[in-house]
Amino acid sequence: MDVYGLIGNPVGHSLSPPMHEAGYAALGLDARYVTFEPDADAAVAAIEGGADLGVAGLNVTVPFKRDALRAVDAAPLAERIGAVNTVDYGPMRAGETDRPRGHNTDAAGVTRALAHHDVTVDGREALVVGAGGAGRAAAFALADAGATVHVANRTAERATELAEDVPDATGGGLDDLATRVAAADLLVNATSVGMEAPEETPVPADHLHGDLAVLDAVYAPIETRLLREAAAAGATTVDGAWMLLYQGVEAFEIWTGEDAPVEAMNAALRAELE
Ligand code: ATR
């Protein structure tokens, strides 16, 4: 049996175990997906030591994604983003490498969620609101997929710093948000605004328009105020569960080498969210 898991703190609320286990069941794989919740000072050693425990792969979540870089041989994209959310012990267990391989599948979560909804990224103007971990992954993902990216963040300095790392990107505060949204084809909410707070939105309704595709990284609630108002404005909407799904799908495919059973994983995830 192969053991996969999620390491973070806290991880009790995670939707990843049912999502991945639905994938194993659909493909008839003998595997389990469990959670690990170490203290901060033990996390890097735990990630380094996964292969010694016979673990096949780990997802990494808050607050260890940045620390995980120190425990792995990071793929170039994970290195650029500065965060690892997927650790693959496969090459190490096969004796090919002496460190686990680290990836960032949050970026693919963004682009694959948009692709699933037939949203074109190449050549488009993308506005990423938020410059934390989710904002970093989204900005790199969209720029690498051919969009011109502007990052807008409450703390403007954080956005300008991120934009310096992302090809052809610009960054700033929220004061010119109306103009930025008007000029955008793609809007990604990568802030926590709206999470568990259905009355909050990061972008006022009167800024939204029908030529937008809007992806909200928030998945609780699944239909945020932003998505509801974007739909009312005629925009294409993509909820945060698609991002969560596709970061998991990408990890599943790295670990197993198989095409993930996307429908089975999506059904399990949506069932949990409802
Ligand atoms: P994550 O890794 O999930 O992106 P994070 O690093 O804590 O989490 O980042 C949270 C993001 O939401 C940040 O962009 C934060 O803005 P600041 O950098 O100014 O803190 C943004 N955010 C959180 N609460 C916000 C609010 N009430 N209004 C606007 N932005 C908010």
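- By the naming in an unreviewed UniProt entry, the chain goes by Shikimate dehydrogenase (NADP(+)) and is assigned to Halorubrum trapanicum.

### So, the site of the ligand
And step 1. What surrounds the ligand is a group of 13 residues, the closest being Gly 133, Asn 153, Arg 154, Thr 155 and Arg 158.
And step 2. With respect to the ligand, the side chain of Asn 153 contributes an N or O atom lying 2.6 Å from an oxygen atom.
And step 3. Within the contact set of the ligand, an oxygen atom lies 2.9 Å away from a side-chain nitrogen or oxygen of Arg 154.
And step 4. For the ligand, the protein covers 64% of the area, taking 640 Å² as the surface of the free molecule.
And step 5. Here the ligand occupies the largest pocket.
And step 6. Looking at the shell around the ligand residue by residue, the classes come out as four nonpolar, seven polar and two charged.

### What to know about the layout of surface pockets
And step 1. For the largest pocket, the calculated volume is near 1600 Å³.
And step 2. The wall of the largest pocket is formed by 48 residues, among which Val 62, Lys 65, Gly 133, Ala 134 and Met 195 lie closest to the centre.
And step 3. Those elements that place two or more of their residues in the lining of the largest pocket are β3 (55–60), α6 (133–144) and α10 (240–256).
And step 4. Considered class by class, the residues forming the lining of the largest pocket number 24 nonpolar, 17 polar and seven charged.
And step 5. Here the lining of the largest pocket spans two domains, and each of domain 1 (2–104 + 244–273) and domain 2 (107–238) adds at least three residues to it.
And step 6. Put simply, the second largest pocket is a space of about 150 Å³.
And step 7. Around the second largest pocket, the lining comprises 13 residues; the ones closest to its centre are Leu 77, Asn 104, Ala 107, Ala 108 and Glu 250.

Cut-offs and rules
Residue numbering note: each chain is counted from 1, following its sequence as written. Confidence filtering applies because this is a predicted model: local features only for residues at pLDDT of at least 70, side-chain atom pairs given and counted only at 80 or more, and all residues used for totals across whole chains, interfaces and linings. Calculation of side-chain values draws on the structure's entire complement of heavy atoms; hydrogens and water are dropped beforehand. Throughout, near means a residue has at least one heavy atom within 4 Å of the molecule or strand. Counted as a polar contact is a pair of N or O atoms within 3.5 Å, where, for protein atoms, one must be capable of donating a hydrogen and the other of accepting one, and residues adjacent in sequence contribute only when both atoms are in side chains. Note on areas: Shrake-Rupley, 1.4 Å probe, and residue coverage restricted to the protein chains presented here. Two kinds of site are reported from a 1 Å grid over the protein atoms alone, namely cavities, where a 1.4 Å probe fits but cannot get out, and pockets, open sets with protein on both sides within 12 Å along at least five of seven lines, and residues are called lining when an atom falls within 4 Å of a point. To decide whether a molecule occupies a pocket or cavity, check its atoms: if more than half lie within 2 Å of the grid points, it is inside. Side-chain classes follow a simple rule in which Ala, Val, Leu, Ile, Met, Phe, Trp, Tyr, Cys and Pro form the nonpolar group, Asp, Glu, Lys and Arg form the charged group, and the remainder, Gly included, forms the polar group. Grid points are joined across faces, edges and corners, and a volume is the space filled by probe spheres set on the points. Helix and strand assignments come from DSSP, with helices taken as H or I runs of at least 4 residues and strands as E runs of at least 2, each series counted from the N terminus. Domain start and end points were adopted from an automatic or database domain assignment.

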